[in-house]
Amino acid sequence: MSLSESELPRTEEEWRVRLSPEEFRVLREAGTERPWTGEYVETKTPGVYHCRACGAELFRSEDKFDSHCGWPSFDDAIPGAVKEISDNTLGMRRTEIRCARCDSHLGHVFEGEGFTPKDIRHCVNSISVRLEPTQG
């Protein structure tokens, strides 16, 4: 069965057809890309970051900051775009962030680190998002 670009896959096999193997590993299997390897770690380009799986708007470039952690970091998400889920894997308590539209894994969110006045860090895998630069 063929899906249009705007139609969300309903099964993991349909996602596997739409995404590259590495995108599938991170987005659908909650994997993590190696630190300092993602295309958006040091990007300063103005624009909006979209979910690579479904295209939903997730983060704005003005909320991106350099946390020196090896992954793109944002101190805010577009309201309603990201959902948080308790993650107790790897022997620690963390909060996973997922796309609210398609439930794809984006990364984790951390609070209380003091990086920005908002005191929150959405630590995102570059492969989970796609930057749409601002026109102009």
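Cut-offs used in this document
- Residue positions are counted from 1 within each chain, in the order its sequence is given.
- Side-chain atom pairs in this predicted model are given and counted only at pLDDT of 80 or more, local residue features only at pLDDT of at least 70, and totals for whole chains, interfaces and linings cover all residues.
- The side-chain figures draw on all heavy atoms in the structure; neither hydrogens nor water molecules are used.
- Using a grid of 1 Å spacing that covers the protein atoms alone, one calls a set of points a cavity when a 1.4 Å probe fits there but cannot get out, and a pocket when the set is open and has protein on both sides within 12 Å along at least five of seven lines; lining residues are those with an atom within 4 Å of a point.
- Grid points are joined across faces, edges and corners, and a volume is the space filled by probe spheres set on the points.
- The nonpolar class holds Ala, Val, Leu, Ile, Met, Phe, Trp, Tyr, Cys and Pro. Asp, Glu, Lys and Arg form the charged class, and all remaining residues, Gly among them, are polar.
- Any Phe, Tyr or Trp ring, taking Trp's six-membered ring, that has another such ring centre within 6.5 Å forms a pair; planes under 30 degrees apart are called stacked, those over 60 apart edge-to-face, and the others tilted.
- For helices the rule is a DSSP run of H or I covering at least 4 residues; for strands it is a run of E covering at least 2, with both sets numbered from the N terminus onward.
- Each residue is placed in one exposure class: buried if its accessible area under a 1.4 Å probe, protein chains only, is under 20% of its type's maximum, exposed if it is over 50%, and partly exposed if it falls in between.
- Salt bridge, as used here: a side-chain nitrogen of Lys or Arg that lies within 4 Å of a carboxyl oxygen of Asp or Glu.
- Residues enter a nonpolar core if they are buried and are Ala, Val, Leu, Ile, Met, Phe, Trp, Tyr or Cys, with the set joined through side-chain atoms within 4.5 Å.
- The contact definition used throughout considers only heavy atoms, calling two residues in contact when any of these lie within 4.5 Å.

Novice: Residue-level account of empty space enclosed by the protein, with values.
Specialist: Counted under the stated rule, the structure contains 1 cavity of 30 Å³ or more. Considered as a void within the structure, the largest cavity measures approximately 40 Å³ in volume. Residues belonging to the lining of the largest cavity are distributed by class as follows: 6 nonpolar, 4 polar and 2 charged.

Novice: Tell me what's going on with the packing of aromatic side chains, and back it up with residues and numbers.
Specialist: Note on aromatic pairs: each is described by the distance of the centres and the angle between the planes. Taken as a whole, this structure holds 4 aromatic pairs when the rule is applied. Their ring planes at 15° and their centres at 4.4 Å tell us that Phe-59 and Phe-74 sit as a pair that is stacked. Residue Phe-59 is located in strand S2 (residues 57-60), and its partner Phe-74 is located in strand S4 (residues 73-74); the two are separated by 15 residues in the primary sequence. Looking at Phe-74, the relative accessible area reads 0%, which means it is buried. Look at Phe-65 and Phe-115: their rings are 5.9 Å apart centre to centre, the planes differ by 40°, and that puts the pair in the tilted class.

Novice: So what's going on with the pattern of salt bridges? Which residues, and what values?
Specialist: Within the structure shown, the criterion is met by 14 salt bridges. Between Asp-63 and Lys-118 there is a salt bridge, with the nearest N and O atoms lying 3.6 Å from each other. With a gap of 55 residues between them, Asp-63 in the loop between S2 and strand S3 (64-65) and Lys-118 in the loop between strand S7 (105-111) and strand S8 (120-124) connect regions that are remote in the sequence. Owing to a relative accessible area of 13%, Asp-63 belongs among the buried residues under this scheme. The exposure class assigned to Lys-118 is partly exposed, which follows from its relative accessible area of 44%. Three or more residues joined by partner-sharing salt bridges are found here, namely Asp-63, Asp-75, Asp-76 and Lys-118.

Novice: Residue-level account of the nonpolar core, with values.
Specialist: Ranked by internal contacts, the top residues of the largest apolar core, which has 27 residues, are Leu-58, Phe-59 and Val-82. For this core, the elements supplying multiple residues, two or more each, are helix H2 (21-27), strand S1 (47-51), S2, strand S6 (94-99), S7, S8 and strand S9 (129-133). What Phe-59 contacts, discounting residues up to four positions off in sequence, is Val-48, Tyr-49, Phe-74, Asp-76, Ala-77, Ile-78, Val-82, Ile-97, Leu-106, His-122 and Val-124.

Novice: Before we move on, could you go through the layout of surface pockets and cite the residues and values that matter?
Specialist: Unfilled space is identified by rolling a water-sized probe across the atoms. Roughly 170 Å³ of internal volume is contained in the largest pocket. Taken together, 13 residues make up the lining of the largest pocket; nearest its centre are Cys-51, Arg-52, Ala-53, Gly-55 and Arg-130. Only S1 and S9 provide two or more residues apiece to the lining of the largest pocket. At 3 residues, S9 tops the list of elements feeding residues into the lining of the largest pocket.

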